[in-house]
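What follows is the residue order along each chain.
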Amino acid sequence: MKTFKSIPGTFDVLPDGHSSGGDTVAPSRMWRFLESVVHDTMARYGAGEIRTPILEPTDLIARGIGALSDIVTKEMFAFERGSTHYVMRPEVTAPVMRAYLQHNLAQKGGTQRLYYIGPCFRAERPQKGRYRQFHQFGLEVIGSEDARADAEAIASLRDVLSGLGLQQYTLRINSLGDADSRPAYKQALVEYLTPMADELSDISRKRLESNPLRILDTKSEKEQALLKDAPLLSDFIDSESRDHHEQVKAYLSDVGIDFVEDPFLVRGLDYYSRTAFEFESPLLGAQSSIAGGGRYDLLSKEVGSKQVVPAVGFAAGMERILLACAAEGIAGPEAARVDVFLVALGDAAIDWTFGAASRLRAQNLEVAFDLKGRSMKAQMREANRQAARFVAIVGDDELAAGEVQLKDMETGEQSPVRLENISDRVKA
RNA sequence: GUGGUCGUAGCUCAGUUGGUUAGAGCGCCAGGUUGUGGCCCUGGAGGUCGGGGGUUCAAAUCCCCUCGAUCACCCCA
């Protein structure tokens, strides 16, 4: 008999946490805890939830993220049916911008703050903190180039992390300048690195031609040493971007957000300009980035807008955040407890449980009972396992008297209670 | 796509220089207590030792192939 397993890089979320290989999948209540913190935090920022389709036009993603980016060239789940090209979204920023333009949300006047929670898909080889189906939440602040928008995106993300109880994370921030300032820097960097090209890795050498900025975030210590005296992007950015950057930092300091400036921070997606930032946890192994984002004033025109629509946002990796929570010992809310577990003795009592549970549930109690006709001992054990607060024991005598033996599972105290009074006693 | 490590029960793992019917702990089920959970005691279920091939009188153990998992590179959340 053939058995089936979930596809590599995907996983089931179960009521209890479990290990999937060496990795740990958080219990579903922990996922819900994270989601509720996101919803609550975003509400405080006046953000509205947006839900966009998993499937998007392939061109939207290719144009938005950059046709030459790794994501587009080798990591997309894309297919064709009829004459339509579909991708399973690898990120959500381009889809949100698509929706913004499609529905003419600019017509609503002010800045749009849109947040999302949902799955994304990339055809990468899985490893700790990296999956083929992974989940992101994010915020996009669309329609403003004000530095407060950048600071607000960062602040809301910080609020989510601290709302969860996370302590060990760092924020790195940089400015990429505008579209005009980057070519000049790019050229300077190439001029600096070309004499030492022999010492670079194969990949970095190729990037020297294709995408030199990405050499900056190499993990190789040797290359980091070579970069020590490299020209800095900050010396090349235009004065407006520099002012903008200073303002963002001032706003962050205003609200007590710590950050470190990292002149080498560049982001992997082509659409970023000016502000770029990244939150990292030291507890996650190689995939240390738990969230990243920045300003993407260039995106709107890439995906078909006639005007520039300035925007800034972030995307956060939920799996990585949950791994960080686990590493910091954050367990989230306690597992649900059953209010009353019905223990039935004899056929008449077994028949009684179904209707009784229904009536108690109608009174908003969490009720459970055995479905296998097992012994009393087994039923008690099951009640214990479900952390029942009370057990209602019913046999022929109790049925005849119209009452149950109600036992408090913590104190062990037990007394007869009329059927109609169970709810009051449990809620008391 | 590239490299390292690892595949024995639901989970975590033992298993000697190849040698009878493959083990433990946890978990699960039942009994000890014919109507009372947790603790304790006893018993039970549950494995094609990832799969295929080879060497051998004999393979979980040695060899080859294959599949899978995992970590890392790359890239990103």
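Every value quoted in this text rests on a predicted model; they were computed, and no experiment measured them. (Residues numbered from 1 in each chain as written. Chains lettered and ligands numbered in written order. Predicted model: local features only at pLDDT ≥ 70, side-chain atom pairs only at ≥ 80, totals over all residues. Heavy atoms only, no water.)

Peer 1: It is not clear to me how the overall build of chain A should be interpreted in this structure. Could you clarify?
Peer 2: On a plain count of helices and strands, chain A comes out with 15 helices and 18 strands. If one aligns the C-alpha atoms of chain A with their principal axes, the spans along those axes are about 95 × 55 × 50 Å. Residues counted as buried form 49% of the 428 residues belonging to chain A. When contacts within chain A are restricted to residue pairs at least 6 apart in sequence, those whose partners lie at least 24 apart make up 68%. For chain A, the accessible surface area stands at approximately 21700 Å², while carbon and sulfur atoms represent 49% of it. (Helix = DSSP H or I, 4+ residues; strand = E, 2+ residues; numbered from the N terminus. Buried < 20%, exposed > 50% of the residue type's maximum accessible area, 1.4 Å probe, protein only. Contact = heavy atoms within 4.5 Å. Areas by Shrake-Rupley, 256 points an atom, 1.4 Å probe, with all protein chains shown as cover.)

Peer 1: Honestly, a negative patch on the surface in this entry has me stumped. Any pointers?
Peer 2: On the surface, Asp347, Asp351, Asp396 and Asp397 cluster together to form a negatively charged patch. Elements represented by at least two residues in the negative patch include exactly helix H12 (347-362) and helix H14 (396-401). Of note, Asp347 is situated in helix H12. (Patch = residues over 30% accessible without salt bridge, like charges linked within 9 Å, V, L, I, M, F, W, Y side chains within 5 Å. Salt bridge = Lys/Arg side-chain N within 4 Å of Asp/Glu carboxyl O. Lys, Arg positive; Asp, Glu negative; His and termini not counted. Charge placed at Lys NZ, Arg CZ, Asp CG, Glu CD.)

Peer 1: Any chance you could explain the sheet that holds strand E6 (residues 84-88) here in plain terms?
Peer 2: Ordered in space as E4-E6-E5, the three strands form an open sheet in which the pairing is antiparallel. Bordering the open sheet on either side are strand E4 (55-57) and strand E5 (77-81), each of which pairs with just one other strand. Each strand of the sheet is rotated relative to its neighbour by a mean of 35°, with strand direction disregarded. Summarising the sheet, E5 and E6 pair through five bridges and their orientation is antiparallel. Within E6, the residue paired with Arg81 across the bridge is Thr84. (Pairing = 2+ DSSP bridges. Axes fitted to C-alpha atoms, helices over the stretch in contact; angles between N-to-C directions.)

Peer 1: Help me understand the protein's contact with RNA strand B, please; the structure alone is not making it clear to me.
Peer 2: Inspection of the region around RNA strand B gives 54 residues, with Arg122, Arg130, Arg207, Arg214 and Arg381 positioned closest. Here Asn384 contributes a side-chain N or O atom positioned 3.0 Å from a base nitrogen of RNA strand B. Residue Met409 places a main-chain N or O atom 2.5 Å away from a base nitrogen belonging to RNA strand B. No other element matches helix H13 (residues 376-385), which puts seven residues into the surface near RNA strand B. Its residues assigned to classes, the surface near RNA strand B comprises 15 nonpolar, 18 polar and 21 charged. (Near = heavy atom within 4 Å. Polar contact = N/O pair within 3.5 Å; in protein donor to acceptor, adjacent residues only side chain to side chain. Nonpolar A, V, L, I, M, F, W, Y, C, P; charged D, E, K, R; others polar.)

Peer 1: What's the story with the packing of aromatic side chains in this structure? I'm lost.
Peer 2: Pairs of aromatic rings are described using the distance from one ring centre to the other and the angle between the two planes. Under the defined criterion, the tally for this structure stands at seven aromatic pairs. Both rings, one in Phe11 and one in Tyr131, keep their centres 5.4 Å apart while their planes meet at 70°; by these two values the pair is edge-to-face. Of this pair, Phe11 sits in the segment before strand E1 (18-20) while Tyr131 sits in the loop between strand E7 (112-121) and strand E8 (133-142), placing them 120 residues apart in sequence. Put simply, the rings of Phe11, Trp31 and Tyr131 pair up and form one aromatic cluster. (Phe/Tyr/Trp six-rings, centres within 6.5 Å; stacked < 30°, edge-to-face > 60°.)

Peer 1: Is there a simple way to think about the side chain of Gln136 in this case?
Peer 2: Inspection of the secondary structure puts Gln136 in strand E8. If we ignore the near neighbours within four places in the chain, the residues touching Gln136 are Glu91, Val92, Tyr116, Ile117, Gly118, Cys120, Arg122, Ala315, Ala316 and Met318.

Peer 1: So what exactly am I meant to see when it comes to the pairing of strand E11 (residues 273-280) here?
Peer 2: Burial analysis of E11 places seven of its eight residues in the buried class, the great majority of the element. Bridge count for strand E9 (residues 170-175) against E11 is six bridges, and the pairing is antiparallel. What sits directly across from Thr170, in E11, is Glu280. Bridge analysis of E11 against strand E12 (residues 289-295) gives six bridges, and the strand direction is antiparallel. Within E12, the residue paired with Glu280 across the bridge is Ser289.

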